[in-house]
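Now for the letters of each chain:
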Amino acid sequence: MRKMGLRDLDLAGKRVLMRVDFNVPLDKDGAIADDTRIRASLPSIRHVLDAGARLVLMSHLGRPKGKVVPEMSLRPVADRLAELLPSPVRFADDTVGESARSQASRQKPGETLLLENLRFAKAETDNDPVFSRELAAFGDVYVNDAFGTAHRAHASTVGVASFLAPACAGLLMETELHNLGLLLQAPPRPFTAILGGAKVQGKVEVIEHLLDTVDTLLLGGGMIFTFFKVHGLGVGDSLVDLESLEVAERILAKAETSRAKLVLPQDVVIADDFSGEAARREVLVTDIPDGWQGLDIGPRTIVRFRDTIDASRAVFWNGPVGVFEIPAFAGGTRAIGEAVAAATDRGAHSVVGGGDSVSAVNQLGLADRITHISTGGGASLEFMAGCRLPGVEALTGA
Ligand code: AMP
């Protein structure tokens with residue numbers, strides 16, 4: 001069902017309470033290391049302010065686990081936001097307390113107030129109804145623009161919507177739902193998914209669902225060795241997710257009869273240590289010696305994967321196919337990124353999700369050549385696994 005969006009509402013004179021994802025990475029000195037998430041929220045923020053509404057923003061940052069952790073304060077984010085917006089940005093020292101209420105009461109139309117880190121209160125992750133109602137009191141309208149937390153049923157993503165209507169999707173949320181929704185419901189074909197990353201855990205449901213929906217599923221990254229282990233191959237010192245051996249076996253069995261063709265690498269780049277200085281070789285996956293570990297996909301696999309991506313009209317990519325943080329093992333991820341970008345240049349619909357594959361795409365300078373870069377790693381995986389996201393379900397239907 002289509003959800004009500006920001007553009008469906010007349011916001012003039014209204015108080016808008018908006019959940020955003022300002023969970024930015026901080027460096028050692030507490031400065032914002034990357035403001036991509038703040039910038040990603042700007043279209044919705046500007047839309048609300050330009051309409052003459054008062055805007056109250058709420059977000060989490062890090063995992064303070066219900067305690068006030070000064071290093072996880074959103075104050076640096078408020079300062080950054082103030083640099084990006086032409087109008088004043090206020091900051092509250094608490095979330096629903098006196099500071100927040102007094103700042104809100106002094107707010108003028110076109111002004112922004114950012115509340116302190118939602119997760120300083122355990123009530124947020126508990127989806128506590130009292131806390132939800134206190135949050136709801138800051139708005140006449142609720143907007144959720146935080147796709148990255150839409151798979152969590154928290155007070156700010158779900159609870160608040162029972163006390164405040166209408167509850168609508170922000171512009172970023174709409175873009176996410178449109179681009180991922182297209183892949184889920186009516187993907188142009190052939191549709192290829194590429195999954196990488198370290199572990200099988202956390203990806204089982206999406207792999208199973210993709211086996212029913214895509215035409216080809218390409219697997220890379222550390223997780224492949226768990227599958228090779230099931231095949232009885234020697235994997236040396238490669239990463240093996242021992243707890244996932246059974247599910248890996250189940251996935252391989254399902255792949256026998258599923259719509260999708262499941263493709264595992266034929267060859268890998270191995271090293272005698274997890275380091276850029278280690279000795280390095282390219283071998284078939286059947287020839288990994290003891291004491292060596294697989295850290296990237298090999299050249300034959302790159303050709304095989306590239307051919308599939310070249311012929312695709314829709315691509316979903318989550319997770320690097322090698323240890324791309326070390327240049328010696330970044331070749332596979334670079335080749336995949338370039339192939340996805342080239343397919344997009346030829347008109348394919350491409351979506352990249354997940355923190356690591358997104359940073360790979362950014363590092364490679366390919367971001368502009370991808371149809372959509374998802375801001376939600378876990379949320380995009382759950383969405384592509386066919387799960388309903390509680391934060392989306394809670395929104396008012398259009
Ligand atoms: P995930 O959080 O599961 O998406 O995993 C991302 C991480 O997987 C990245 O930091 C990669 O360095 C890592 N990775 C990719 N390929 C391998 C591999 N062959 N062995 C170990 N780690 C890997």
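Chemist: Give me the domain arrangement of the protein chain: which residues, what numbers.
Modeler: What the domain assignment reports for the protein chain is domain 1 (6-172) and domain 2 (179-384). Put simply, the middle of domain 1 and the middle of domain 2, counted by C-alpha atoms, are 35 Å apart. Counting the surface lost from both domain 1 and domain 2, the interface buries some 610 Å², and carbon and sulfur atoms represent 67% of this. Area buried by domain 1 at its contact with domain 2 is led by F147, H151 and L172, which between them contribute 72% of it. Viewed at the interface, domain 2 and domain 1 are joined by zero salt bridges. The tally of links from domain 1 across to domain 2 stands at zero residue pairs in polar contact (both at pLDDT 80 or more). Partitioning the side of domain 1 that touches domain 2 into residue classes produces three nonpolar, two polar and two charged.

Chemist: Which residues make up the packing of helix α6 (residues 171-185) against helix α13 (residues 377-384), and what values go with them?
Modeler: How two helices sit against one another is set out by the angle between their axes and by the gap between those axes. Viewed as axis vectors pointing N to C, α6 and α13 meet at an angle of 30°, and their least axial separation amounts to 10 Å. Classified by the angle their axes make, α6 and α13 are roughly parallel. For the crossing formed where α6 meets α13, the hand is right-handed. Where α6 abuts α13, its residues L177, L180, G181, L183 and L184 lie against S380, F383 and M384. Taken together, the residues that form the contact of α6 with α13 break down as six nonpolar, two polar and no charged.

Chemist: Give a description of helix α10 (residues 299-310) that names residues and reports values.
Modeler: Compared with an ideal rise of 1.5 Å per residue, which puts twelve residues at 16 Å, α10 spans 16 Å between its outermost C-alpha atoms and is within 8% of the ideal. T301, I302, F305, T308 and I309 are the residues of α10 that are buried. Viewed end-on, α10 has its buried residues packed into an arc of 130°, placing them on one side of the element.

Chemist: Break down the sheet that holds strand β10 (residues 267-271) for me, with residues and values.
Modeler: The strand order β11-β10-β12 describes an open sheet built from three strands, whose pairing is antiparallel. The sheet is open, and its two edges are formed by β11 (280-284) and β12 (293-297), each paired on a single side. The mean inter-strand angle of the sheet, taken between neighbouring strand axes irrespective of direction, is 40°. With five bridges joining them, β10 and β11 adopt antiparallel strand pairing. For A271, the partnering residue across the bridge sits in β11 and is R280. α10 contacts β10, β11 and β12 of the sheet and is inclined by roughly 35° relative to β12.

Chemist: Could you give an account of a positive patch on the surface, naming the residues involved and the relevant values?
Modeler: Taken together, the side chains of R63, K65, K67 and R152 present a region of like positive charge at the surface. Tracing the chain through its elements places R152 in the loop between β5 (141-144) and β6 (167-169).

Chemist: Quick rundown of the site of the ligand? Include the residues and the values.
Modeler: In the vicinity of the ligand there are 14 residues, among which A198, K203, G294, E325 and D356 approach most closely. G222 is positioned with one of its backbone polar atoms (N or O) 3.2 Å from a nitrogen atom of the ligand. Starting from 500 Å² of accessible surface for the ligand in isolation, the protein chains cover 78%. The residue makeup of the shell around the ligand, split by class, is five nonpolar, five polar and four charged.

Chemist: Can you break down the sheet that holds strand β14 (residues 349-353) residue by residue, with the values?
Modeler: The strand order across the open sheet formed by six strands is β9-β8-β7-β13-β14-β15, and the pairing between neighbours is parallel. Two strands close off the open sheet at either side, each with one partner strand: β9 (261-263) and β15 (372-373). Here strand β8 (residues 216-219) runs beside β9; their pairing, made up of three bridges, is parallel. Counted as the bridge partner of L218 is V263 from β9. With respect to the sheet, helix α7 (residues 204-213) is in contact with β7 (191-195), β8 and β9, its orientation differing from that of β7 by roughly 160°. Across the face of the sheet, helix α12 (residues 355-363) comes into contact with β13 (314-318), β14 and β15 while running at roughly 115° to β14.

Chemist: Lay out the side chain of K203 with the relevant residues and their values.
Modeler: For K203, the position within the fold is in the loop between β7 and α7. Buried within the structure, K203 lacks any salt-bridge partner; D356 is the closest side chain of opposite charge, at an N-O distance of 7.6 Å.

Chemist: Which residues make up the pairing of β5, and what values do they have?
Modeler: Side chains V141 and V143 project from β5 onto one buried face, and the interleaved Y142 and N144 project onto a second face that is buried too. Pairing analysis gives four bridges linking strand β1 (residues 15-19) to β5, with the strands arranged parallel. Opposite R19, over in β5, you have N144 as the bridge partner. Relative to β6, β5 is paired through three bridges, and the arrangement is parallel. When the bridges of β6 are listed, Y142 appears paired with A167.

Here is what the cut-offs are and how they apply
Residues numbered from 1 in each chain as written. Predicted model: local features only at pLDDT ≥ 70, side-chain atom pairs only at ≥ 80, totals over all residues. Heavy atoms only, no water. Domains from an automatic or database assignment. Buried area = accessible area lost by both parts, 1.4 Å probe. Salt bridge = Lys/Arg side-chain N within 4 Å of Asp/Glu carboxyl O. Polar contact = N/O pair within 3.5 Å; in protein donor to acceptor, adjacent residues only side chain to side chain. Nonpolar A, V, L, I, M, F, W, Y, C, P; charged D, E, K, R; others polar. Axes fitted to C-alpha atoms, helices over the stretch in contact; angles between N-to-C directions. Helix = DSSP H or I, 4+ residues; strand = E, 2+ residues; numbered from the N terminus. Parallel < 35°, antiparallel > 145°, perpendicular 65-115°, else oblique. Left-handed = near helix turned anticlockwise from the far one by under 90°. Contact = heavy atoms within 4.5 Å. Expected span 1.5 Å × (residues − 1). Buried < 20%, exposed > 50% of the residue type's maximum accessible area, 1.4 Å probe, protein only. Arc of directions from axis to C-beta. Pairing = 2+ DSSP bridges. Patch = residues over 30% accessible without salt bridge, like charges linked within 9 Å, V, L, I, M, F, W, Y side chains within 5 Å. Areas by Shrake-Rupley, 256 points an atom, 1.4 Å probe, with all protein chains shown as cover. Lys, Arg positive; Asp, Glu negative; His and termini not counted. Charge placed at Lys NZ, Arg CZ, Asp CG, Glu CD. Near = heavy atom within 4 Å.

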